Amino acid sequence: QVQLVESGGGLVQAGNSLRLSCAASGRMFTSYAMGWFRQAPGKERETVAAINWSGKSTYYTDSVKGRFTISRDNTKNTVYLQMNLLKPEDTAVYYCAADRRVGVPSPFQYDYDYWGQGTQVTVSS
């Protein structure tokens, strides 16, 4: 079992930056792919970014490419989402999740086995 706890959300003005963190418990973290997802009010949850176990393979949804960076520190059991040039449309609850499979980071939510509780990000215009 893996427990995930997100932090780093908050209120920020458009154009500014935030860094989200996701701390994981459990020895198997270093072998799991990790993903960040978000859900805006009235919308379905969408994939934002994903990273494989080593950090050498990543995936980004088109709307965040060039602005967001996913990374991980396996010595700290933590995955990060650096969000730059934030826009009001980035406002959402952000979730991290873990995928037990080995391979490329999946953009599909159904591949993820463990989920955090989420952290709110609000971007004002």
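Here we summarise the structure given alongside this text. (Residues numbered from 1 in each chain as written. Predicted model: local features only at pLDDT ≥ 70, side-chain atom pairs only at ≥ 80, totals over all residues. Heavy atoms only, no water.)

## Things to note about the overall build of the protein chain
Next, step 1: What the protein chain contains, in helices and strands, is zero helices and eleven strands.
Next, step 2: For 125 residues, the compact-globule estimate of 2.2 N^0.38 gives 14 Å, and the protein chain sits close to it at 13 Å.
Next, step 3: Seen along its three principal axes, the alpha-carbon backbone of the protein chain occupies a region of about 40 × 25 × 25 Å.
Next, step 4: Expressed as a percentage of its 125 residues, the buried residues of the protein chain come to 45%.
Next, step 5: Accessible area of the protein chain: about 6,500 Å², with a carbon and sulfur share of 49%.
Next, step 6: Taking the average location of the 13 positive side-chain charges in the protein chain and that of its 10 negative ones, the two points are 6 Å from each other. (Helix = DSSP H or I, 4+ residues; strand = E, 2+ residues; numbered from the N terminus. Rg over C-alpha atoms; globule rule 2.2 N^0.38 Å. Buried < 20%, exposed > 50% of the residue type's maximum accessible area, 1.4 Å probe, protein only. Areas by Shrake-Rupley, 256 points an atom, 1.4 Å probe, with all protein chains shown as cover. Lys, Arg positive; Asp, Glu negative; His and termini not counted. Charge placed at Lys NZ, Arg CZ, Asp CG, Glu CD.)

## So, the environment of V93
Next, step 1: Tracing the sequence through the fold places V93 in strand β9 (residues 92-99).
Next, step 2: What makes V93 partly exposed here is its relative accessible area of 21%.
Next, step 3: A C-alpha to C-alpha distance of 8.6 Å links V93 and G9, two positions 84 residues apart in sequence.
Next, step 4: Not counting chain neighbours up to four residues away, the residues in contact with V93 comprise F37, R38, Q39, G118, T119 and Q120. (Contact = heavy atoms within 4.5 Å.)

## So, the environment of S106
Next, step 1: Inspection of the secondary structure assignment puts S106 in the loop between β9 and β10 (114-115).
Next, step 2: Looking at S106, the relative accessible area reads 4%, which means it is buried.
Next, step 3: As a C-alpha pair, S106 and M83 span 23 residues in sequence and 20 Å in three-dimensional space.
Next, step 4: Sequence-distant contacts of S106, defined by excluding residues within four places in its chain, comprise A50, D99, R101, D111 and Y112.
Next, step 5: Side-chain polar atoms of S106 contact the backbone nitrogen of F108, separated by 3.0 Å. (Polar contact = N/O pair within 3.5 Å; in protein donor to acceptor, adjacent residues only side chain to side chain.)

## Looking at the sheet that holds strand β7 (residues 68-73)
Next, step 1: Spatially, four strands are ordered β1-β3-β8-β7 in an open sheet, and the strand pairing comes out antiparallel. Edge positions in the open sheet fall to β1 (4-7) and β7, since each of these has one partner strand only. Ignoring which end each strand starts from, the neighbouring axes of this sheet average 15 degrees apart.
Next, step 2: Sheet topology places β1 next to strand β3 (residues 18-24); four bridges connect them, and they run antiparallel. In the sheet register, E6 faces β3, and the bridge partner there is C22. (Pairing = 2+ DSSP bridges. Axes fitted to C-alpha atoms, helices over the stretch in contact; angles between N-to-C directions.)

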